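Coordinate inspection notes
Listed below are the residues making up each chain.
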Amino acid sequence: MAQRAHWGSRMGFILAAAGSAVGLGNIWKFPYITGENGGGIFVLIYLVCIVVIGLPIMMGEIFIGRTAQNSPVGAFRALSKPGSPWLGVGWLGVACAFVILSYYSVVAGWALHYIYLSIKGGFTGMDADTVGGVFNDLFADKTLNIFWHVLFMVMTVGIVIGGIQKGVERWARILMPLLFIMMIALLIQAMRMDGFKQAVSFLFTPNTENFRWGPATLEALGHAFFTLSLGMGAMITYGSYLKSDDDLVTTSITVGVLDTVIALMACLVLFPIIFTFGMEPGAGPGLVFVSLPIAFGQMTGGAIWSLLFFGLLTFAALTSAISLLEVAVSYFIDERGWSRPFSTLFCGLIILFLGIPSALSGGTDLFGSKMVNLTEKVLGEGNGKNWFDSFDYLATNWMLPLGGLGIALFVAWRVGGQAREQGFKAGTKFGKLYWGWVFLLRYIVPLGVVAVFLYSIGVIDFAE
Ligand code: PFF
């Protein structure tokens, strides 16, 4: 068997793992859910979720991958036994990679379209309705959605086909520093705006007035999984390319900090713009694709800022998409013995087709409003979802937390204590954290995840 690929350096791994974590979740989703949930207090709860739930699972995933030197399914087999039900967690992860990337690529495609619009002159002189119309037209346009989705998938496949060092790591080394520089440039611009002070106080003053603790906590918890790329074996896969004495504690903390810093920076870029132009922070998913362009349309040099912002969004999405594809690709390489090029093309094509219904979800037919009517019957009145929303709901609310629960239980209860302790302590100065890590994985993580499920199926209800 060919020797397993490894990262060129620890920095390469950190950049690739941070690239996976930092994505649409940080720049598109985090600001809007923070806006919808009242700002500061939500940020605080989110930080707690990252520390007590997210980081322990990330360390657990990297531990599994690094110890087994294998992608998720093979890793669970190596650490339990062939045919063990734990392999199901690995399978779930592979399935999840297909599901998430199929719709993730559609949103990344919107970012590509907005780059194109920015180059064409941006949103200068457009009023709010016109900008809203631009997004609605894009959402409903089948050809455009499919075109950008295909282009984004081609880019992702083009990188993953190059392998770990020459594909994933090399591109993470290029895109992540660029992403950071673009973010700083945008932040400097945002700091000069009138709304900056208001944005800082919105983000960092915990205000519990009208705050709905239950739903907000669960939203924060679910997002902690998504934003750190946890629960589906992405970090198991990336961890499997580490050498067995690489420090998993420091690297996990670094990745968690980078991810959080970028998410907060995204808010510090967006909210000053939103406040300066008198718009609402709670605008929902349209915050980035509608509210922000409205503001860009009124700013001097708006087209440039808009190009910079949507370029940033695309880079962030690309380094995350790579990791999603890598989970699927590594499965076929490790388990089926396929070559990397064949496996990448195969997975890329399947995901491309699987994404087409999501790309068509803005329409009125089968995958759009007809599907909304259908899901209303299952999920109840007012909960109807098109194909795109259904995939997102299934992955974020069910598959990731379930996978995360499996990973936590596996590491905390199934893996031998000695192997676990040695693995955690290998190469790190933070060996003292070992018992804290095990405690969180044993009790706190399962409790948190089960609460999310009970909420999702309506057993816990937060009536106003
Ligand atoms: N962490 C990515 C984001 O915040 O956009 C999304 C993601 C990537 C989730 C990779 C899961 C994953 F395996």
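The rules behind the values
- Residues numbered from 1 in each chain as written.
- Predicted model: local features only at pLDDT ≥ 70, side-chain atom pairs only at ≥ 80, totals over all residues.
- Heavy atoms only, no water.
- Phe/Tyr/Trp six-rings, centres within 6.5 Å; stacked < 30°, edge-to-face > 60°.
- Helix = DSSP H or I, 4+ residues; strand = E, 2+ residues; numbered from the N terminus.
- Buried < 20%, exposed > 50% of the residue type's maximum accessible area, 1.4 Å probe, protein only.
- 1 Å grid on protein atoms, 1.4 Å probe; cavity = no way out; pocket = protein on both sides within 12 Å on 5 of 7 lines; lining within 4 Å.
- Points joined across faces, edges and corners; volume = space filled by probe spheres on them.
- Nonpolar A, V, L, I, M, F, W, Y, C, P; charged D, E, K, R; others polar.
- Near = heavy atom within 4 Å.
- Polar contact = N/O pair within 3.5 Å; in protein donor to acceptor, adjacent residues only side chain to side chain.
- Areas by Shrake-Rupley, 256 points an atom, 1.4 Å probe, with all protein chains shown as cover.
- Sits in = over half its atoms within 2 Å of the grid points.
- Patch = residues over 30% accessible without salt bridge, like charges linked within 9 Å, V, L, I, M, F, W, Y side chains within 5 Å.
- Salt bridge = Lys/Arg side-chain N within 4 Å of Asp/Glu carboxyl O.

Quick notes on the packing of aromatic side chains
If you walk through the whole model with that rule in mind, you get 43 aromatic pairs. Seen from their ring centres, F30 and F42 are 6.4 Å apart, and the 35° between their planes marks the pair as tilted. Remark: F42 occurs in helix α3 (residues 40-68) and F30 occurs in helix α2 (residues 24-36); sequence separation between them is 12 residues. Accessibility classification places F30 together with F42 in one group, the buried group. Residues F309 and F310 carry aromatic rings whose centres are separated by 5.2 Å and whose planes lie at 90° to one another, so their mutual orientation is edge-to-face.

Examining empty space enclosed by the protein
Going through the model one piece at a time under the given rule, you end up with 2 cavities of 30 Å³ or more. For the largest cavity, the calculated volume is near 160 Å³. Every residue lining the largest cavity is counted, 17 residues in all, and those nearest its centre are S20, F226, S229, S320 and L324. Of all the secondary structure elements, the ones that give two or more residues to the lining of the largest cavity are α1 (10-21), α2, α5 (87-119), α10 (213-227) and α14 (302-336). Tallied by class, residues from the lining of the largest cavity come to 9 nonpolar, 8 polar and no charged. For the second largest cavity, the full set of lining residues is L186, Q189, A190, V269, I273, F296, M299 and W305. Every element with two or more residues in the lining of the second largest cavity is listed here: α8 (164-191) and α12 (248-276). Here the lining of the second largest cavity takes 3 residues from α8, the largest share from any one element. Each residue belonging to the lining of the second largest cavity can be placed in one class, and the counts come to 7 nonpolar, 1 polar and no charged.

Points about the side chain of N145
Of note, N145 is situated in helix α7 (residues 142-160). Residue N145 is classed as buried on the basis of its relative accessible area, which comes to 3%.

Side note on the site of the ligand
Around the ligand lies a shell of 15 residues, among which A21, G25, Y104, F226 and M232 are the nearest. In this structure, a nitrogen atom belonging to the ligand sits 2.8 Å away from a main-chain N or O atom of F226. The contact in question runs from a nitrogen atom of the ligand to an N or O atom on the side chain of S229, over 3.1 Å. Within the complex, the protein chains bury 100% of what would otherwise be the 340 Å² of accessible surface of the ligand. Structurally, the ligand is housed in the largest cavity.

Concerning a nonpolar patch on the surface
On the surface, F180, I184, I188, V257 and V261 cluster together into a nonpolar patch covering about 380 Å² of accessible area. Residue assignment for the nonpolar patch shows that the elements contributing at least two residues are α8 and α12. Here the nonpolar patch takes 3 residues from α8, the largest share from any one element. Inspection of the secondary structure puts I188 in helix α8.

What to know about unusual backbone geometry
With a phi angle near 50°, Q69 is a residue other than glycine that sits in the positive phi range. As for its placement among the helices and strands, Q69 is situated in the loop between α3 and α4 (72-79).

Structural notes on the layout of surface pockets
Its boundaries defined by the atoms lining it, the largest pocket holds a volume of some 1200 Å³. Together, 39 residues line the largest pocket, and E219, K385, D392, Y393 and N397 are the ones closest to its centre. Every element with two or more residues in the lining of the largest pocket is listed here: α2, α5, α6 (128-140), α10, α13 (286-298), α17 (387-414) and α19 (434-456). What lines the second largest pocket is a set of 20 residues, and nearest its centre among them are Q3, R4, A5, I333 and D334. Top element by residues in the lining of the second largest pocket is α14. It accounts for 5 residues. The residue inventory of the lining of the second largest pocket, partitioned by class, reads 6 nonpolar, 8 polar and 6 charged.

These figures capture arrangement, not role.
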